[in-house]
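These are the residues of each chain, in order.
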Amino acid sequence: MPPDIKALTREELEARFKTWGEPAFRVAQLLDWLYARRATNWDAMSNLPKNLRAQLRESFSLQILELARKQGSPDTTQKFLWRLADGAFIESVLIPANPALYGEASDRHTLCISTQVGCAYGCKFCASGLDGWKRNLGVHEIVEQVLAVERAGCHLPVAGGQLETAASEPAIFNPQPATADRIVNNLVVMGMGEPLANYDHLIAALKILNAPWGGGIGARRITISTSGLAPQIRKLAVEPLQFRLAISLHGATDEVRNRIMPVNKKYPLTELAAACEDYQKLKGRMITLEYILIAGINDALEQTRPLAALAKRLYAKVNLIPYNKVEDLPWVRPAEEVCERFLTALEKLGVTATLRREKGGDIDAACGQLRLKTERELAKSPVI
Ligand code: SAH
Ligand code: SF4
């Protein structure tokens, strides 16, 4: 299979077009079809000359994520299950910032995207790692999640529609601004997989999603979440783009983390904290510590002291998330009072903390759950 067109940057496309003797404005037209109008096939690109379209078809693939299943409605959290070209499944979750109360569409959305099929890190509470790791996503498969959600989630002008322009008249071609009709304003890399274990594809994809000619999503509106891969955190610290970083901590001592997150044996807290500290110093940006509250595992009040100490050392804020039940796993979320008490204790210790009052818990929104459910249903009867 030739490389996918959505794995290339503008500069790479310009270099290729140059070798074909094509003028630079053709690249702008192509990018407009791909990222502003989210075209799904070469034939839709009606203002590109036929021979150029043929050349593109021969040199690149143009893969589109196929929607296998969708849960939720446009004014609540929506979960998308995608079937990839090789039949594997991944998930993306679209979360409205202000769920519309009176039926109008919410204008701000956060999209949670996946970076791998499955996950090798096997955190004990997580659905994504239950069946192990299958493969890394390609750059285009990460990028396509945003485009495919925007295609599926709103009614856009159909590719190949009104803006047809004769190839000889590039001046009257008037592309929509890259941000027009965008429904994804924020991106969190918190879906299936460990993003920093697919580092190169992740960074290449985020550059495309950030570029004004691509996804147009500001770097400060993009958050990468990691279970704690210390060497890659150091690598991320020297990337020029200002992405946000979240650490899936879930335990403030090695004892707790070792019980639920095998990655802690490889990168124990001292090493992880040192990498985060260096990251914070280099970037000068606030890190977020994610802390799922799991009954009887990490919700005891004495855990708030080491957690507060770490948060202060890293100038980090803490996001408390009541655990989402995963089928077949024994873990449960603590009672609401326990979560509230944990939050209050942290705040008393001088930490900035929030407690998530769940959106989407009712539709299997925790990462990996819809895929797991679908794969199990498929194993029983092979049609969904
Ligand atoms: N691998 C990365 C990113 C994907 S997981 C990481 O671990 O950070 C995204 C977040 O969802 C992590 O903080 C993870 O711990 C959390 N998570 C996984 N299963 C969950 C569940 N059942 N309930 C609540 N949060 C969960
Ligand atoms: Fe993988 Fe993150 Fe789930 Fe751990 S929490 S198994 S690292 S996806």
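The preceding data block contains the structure.
Predicted model only: the values in this text are computed from it and were never measured. (Residues numbered from 1 in each chain as written. Chains lettered and ligands numbered in written order. Predicted model: local features only at pLDDT ≥ 70, side-chain atom pairs only at ≥ 80, totals over all residues. Heavy atoms only, no water.)

Thoughts on the overall build of the protein
Helix and strand content of the protein: 12 helices and 12 strands. Within the span of the protein, comprising 384 residues, buried residues form 53% of the whole. Pairs at least 24 residues apart make up 68% of the contacts formed inside the protein by residues separated by at least 6 positions. Within the structure as shown, the protein displays about 16700 Å² of accessible surface, and the carbon and sulfur contribution to it stands at 54%. (Helix = DSSP H or I, 4+ residues; strand = E, 2+ residues; numbered from the N terminus. Buried < 20%, exposed > 50% of the residue type's maximum accessible area, 1.4 Å probe, protein only. Contact = heavy atoms within 4.5 Å. Areas by Shrake-Rupley, 256 points an atom, 1.4 Å probe, with all protein chains shown as cover.)

Some thoughts on the sheet that holds strand β3 (residues 89–96)
One open sheet holds the 10 strands; their spatial order is β1-β2-β3-β4-β7-β8-β9-β10-β11-β12, and the pairing between them is mixed. Looking along the sheet, the strands with just one partner apiece sit at the ends: β1 (66–71) and β12 (353–355). Across the sheet, the axes of successive neighbouring strands diverge by a mean angle of 20°, strand direction being ignored. In the sheet, strand β4 (residues 109–112) pairs with strand β7 (residues 186–189) via three bridges, with the strands oriented parallel. Considered in β7, the bridge of Thr110 is made with Asn186. (Pairing = 2+ DSSP bridges. Axes fitted to C-alpha atoms, helices over the stretch in contact; angles between N-to-C directions.)

Observations concerning the site of ligand 1
Taken together, 18 residues sit near ligand 1, with Gly193, Ser225, Ser248, His250 and Asn324 positioned nearest. The contact in question runs from a nitrogen atom of ligand 1 to an N or O atom on the backbone of Gly193, over 2.9 Å. Interatomic distance of 2.9 Å between a backbone N/O atom of Asn324 and a nitrogen atom of ligand 1. Compared with its free state, where it exposes 530 Å², ligand 1 has 92% of that area covered by protein. Here the residues of the shell around ligand 1 sort into nine nonpolar, eight polar and one charged. (Near = heavy atom within 4 Å. Polar contact = N/O pair within 3.5 Å; in protein donor to acceptor, adjacent residues only side chain to side chain. Nonpolar A, V, L, I, M, F, W, Y, C, P; charged D, E, K, R; others polar.)

Observations regarding the packing of helix α6 (residues 230–237) against helix α9 (residues 269–283)
Where α6 contacts α9, the axes come no closer than 9 Å and their chain directions differ by 5°. Classed by the angle they form, the pair α6 and α9 counts as roughly parallel. Residues Ala230, Ile233, Arg234, Leu236 and Ala237 of α6 form the contact with α9, whose own contacting residues are Glu271, Leu272, Ala274, Ala275, Cys276, Asp278, Tyr279, Leu282 and Lys283. Per-class residue counts for the contact of α6 with α9 are 10 nonpolar, no polar and four charged. (Parallel < 35°, antiparallel > 145°, perpendicular 65-115°, else oblique.)

Here's the deal with the packing of helix α5 (residues 199–210) against α6
At a closest axis distance of 12 Å, the pairing of α5 and α6 adopts a crossing angle of 30°. The angle between the axes of α5 and α6 places the two elements in the roughly parallel class. Relative to α6, the crossing made by α5 is right-handed. Across the interface between the two elements, Tyr199, Asp200 and Ile203 from α5 touch Gln232, Lys235 and Leu236 from α6. (Left-handed = near helix turned anticlockwise from the far one by under 90°.)

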